[in-house]
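# Observations on chain architecture
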Amino acid sequence: MTSLTINNEALVNNTNIIKKLSDTSEVIAVVKGNAYGLGLRSFAKLLEQNGIRYFAVTDLNEAIDLRESGIKGEILMLTPLYNDADLHQAIIQRITLSITSKACGVAAENIAAKLRLPVHAHLCIDTGFGRYGFLDSKTAEIIETVQLMEHIQTTGIFSHFYGAGCKDTKHVYKQYNRFLTVCDTLTNAGISIGMRHIAATTSFLRFPFTKLDAIRIGSGFLGRLALADKWGFMPICKLEANISDIYTLPKGHNVGYGNGYTTSRTTTIAVVSAGYYHGLSVERQTIPYSRRFTPISMLRALKHQITRKELTATVGTHQFPVIGKIGMNSLILDITGYSLSVGEKVTFSINPIYVNSSIPRIYSEYCSNSTLYNSVKEETTEEFPLLKVI
Ligand SMILES: *Cc1c(COP(=O)(O)O)cnc(C)c1O
């Protein structure tokens, strides 16, 4: 069976690193996109067991799903809700709202006033990303919005970096300063802004001073970093498949669709039950961003194509090259000179977001002698009061 396996020990390791580096800042686990493909419910449950009390998602369905699966902590919607039915549902499920504009605040206030339930919200500020939020210059509008939200408690304020991975660090400094300025202006105007958060994994690791009151971490939990790892993060998941057949091809034989590969010698091949259906060789375009096509940007793209790593598979401790084009459900390894058997386990490193959600997610057992529980911070978050649905 082909499956995505998640290693709890590695997750505990990564969680410990994040907690240690976060120091006194709270850790908000971003579990959008089906927890980056790891399976929302199982992954969030595991994080909760590991002491995480704050979660964030970008889709209301995921927020509701988390709550219904028994997550007790705070669940923050990172995106705005304008629709009355959505707001109604979110408030009943004690989801923390994001307020991105005055209209968004008005819509939330209308429903909050009707429901008469405690409602928490974070103010979302656009300090430069160009995606969601009050422009940081619009302080009068922000203040007006907070004041009209009489039935909503502002428990946080946040923004998001667009250039945490850029070589030029000026982008981060610019946004960070704008964010602090808007926070200070609001505070000076007598607005209680709650927890301030702007850093995600890359900015938190590269610019630790940006951690403020909370950090929003997604890829860090997975050990998938966009910068060199100085801390000891571990990859937490891999795709596992099996060798479904082994035989030997003569020299000059085709391998795979499209006549893209011909054996240059007598070649022993292993057919493996995994392909692009399972997310292999499916990648986001990671050609370095460029504003327009210039000779330099085209050269960069070409270099990226040429230096791209070929897909390999691990069997035991050995890496085998994938030859020929990979298929939907199968690929071919060149295992010449090795004696492997049909049924043997093969693993691939993979970004789980590309693994079709119908593929089983298998979580390894939690090892109880781990040191994690010793390092869990004392409970500092007050749980929301229990609600009566009217
Ligand atoms: C995805 C996301 C994060 C988490 O980013 P990582 O780089 O995966 O840690 C944080 N904040 C917002 C607003 C996001 O959309």
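Predicted, not measured: the structure shown is a model, and the values here were computed from it. (Residues numbered from 1 in each chain as written. Predicted model: local features only at pLDDT ≥ 70, side-chain atom pairs only at ≥ 80, totals over all residues. Heavy atoms only, no water.)

### Some thoughts on the state of the cysteines
Condition: Note on terminology: pairs of cysteine sulfur atoms within 2.5 Å are recorded as disulfides. Exposure categories follow from relative accessible area, calculated using a 1.4 Å probe and restricted to protein chains: below 20% of the type maximum is buried, above 50% is exposed, and the middle band is partly exposed.
This model, assessed by the stated rule, comprises zero disulfides. Left unpaired, Cys104 is separated from the closest cysteine sulfur, that of Cys124, by 8.9 Å. Residue Cys104 is classed as buried on the basis of its relative accessible area, which comes to 1%. With no disulfide of its own, Cys183 lies closest to Cys124 among cysteine sulfurs, the gap being 12 Å.

### Examining the site of the ligand
Our working rule: Any residue with a heavy atom positioned within 4 Å of a molecule or strand is treated as near that molecule or strand. The term polar contact refers here to a pair of N or O atoms within 3.5 Å; inside protein, the definition further demands a hydrogen-donor-capable atom paired with an acceptor-capable atom, and it admits residues adjacent in sequence only when both atoms are side-chain atoms. Working definition of accessibility: Shrake-Rupley area with a 1.4 Å probe, residue cover restricted to the visible protein chains. Secondary structure elements are taken from DSSP: a helix is a run of H or I of four residues or more, a strand is a run of E of two residues or more, and numbering for both begins at the N terminus. Each residue is assigned to one class: nonpolar for Ala, Val, Leu, Ile, Met, Phe, Trp, Tyr, Cys and Pro, charged for Asp, Glu, Lys and Arg, and polar for all the others, Gly among them.
For the ligand, the full set of nearby residues is Val30, Lys32, Tyr36, Leu78, Arg131, His160, Ala200, Thr201, Arg216, Ile217, Gly218 and Ser219. Contacts to the ligand include Tyr36, whose side-chain N or O atom sits 2.5 Å from an oxygen atom. Across the complex, the protein chains shield 88% of the 380 Å² of accessible surface that the ligand would expose by itself. Those elements that place two or more of their residues in the shell around the ligand are helix H2 (32-36) and strand E10 (214-217). Residues that form the shell around the ligand fall into these classes: five nonpolar, four polar and three charged.

### What about the nonpolar core?
Put simply, the rule is: Residues grouped as a nonpolar core are buried Ala, Val, Leu, Ile, Met, Phe, Trp, Tyr and Cys residues, joined through side-chain atoms within 4.5 Å. By definition in these notes, contact holds between two residues if any of their heavy atoms fall within 4.5 Å.
Within the largest apolar cluster, 96 residues are counted, with the highest numbers of intra-cluster contacts made by Phe43, Phe221 and Phe348. Every residue in contact with Phe348, bar those within four places of it in the chain, is listed here: Lys238, Leu239, Ala241, Val272, Ala274, Leu280, Leu311, Thr312, Ala313, Val322 and Leu331. Core analysis: the next-biggest nonpolar cluster, separate from the first, contains ten residues, Ala56, Leu78, Phe158 and Ala214 among them.

### So, the pattern of salt bridges
Our working definition: Salt bridges are defined by distance alone: a side-chain nitrogen of Lys or Arg within 4 Å of a carboxyl oxygen of Asp or Glu.
Inspection of every chain in the model, using the stated rule, returns seven salt bridges. With a shortest N-O distance of 3.6 Å, Glu240 and Lys345 are connected by a salt bridge. Within this pair, whereas Glu240 is found in strand E11 (residues 237-249), its partner Lys345 is found in strand E16 (residues 345-348), the two being separated by 105 residues in sequence. We classify Glu240 as buried; its relative accessible area is 17%. Classification of Lys345 as partly exposed rests on a relative accessible area of 46%.

### A word on the side chain of Lys211
Test applied: His residues and chain termini do not enter the charge count, which takes Lys and Arg as positive and Asp and Glu as negative.
The residue Lys211 is located in the loop between helix H9 (201-206) and E10 in this model. Although Lys211 is buried, it forms no salt bridge, and the closest oppositely charged side chain is Asp23 at an N-O distance of 4.2 Å. Discounting residues that sit within four places of it in the chain, Lys211 has contacts with Leu21, Ser22, Asp23, Ser25, Ala199 and Phe204.

### Let's talk about the packing of helix H3 (residues 40-49) against helix H4 (residues 60-68)
To keep it simple, the criterion reads: To get an axis, fit a line to the C-alpha atoms, keeping to the stretch in contact for a helix; angles then go from 0 to 180 degrees between the N-to-C directions. Roughly parallel means an angle under 35 degrees; roughly antiparallel, over 145; roughly perpendicular, 65 to 115; everything else is oblique. Here a crossing is taken to be left-handed if its near helix is turned anticlockwise relative to the far helix by less than a right angle, and right-handed if that turn runs clockwise.
For the pair H3 and H4, interaxial distance at closest approach is 10 Å and the crossing angle is 55°. The angle between H3 and H4 falls in the class oblique. Considering how the two elements wind past one another, H3 and H4 form a crossing that is right-handed. Within the contact between the two elements, H3 uses Leu40, Arg41 and Ala44 and H4 uses Glu62, Asp65, Leu66 and Glu68. Partitioned by chemical class, the residues of the contact of H3 with H4 number three nonpolar, no polar and four charged.

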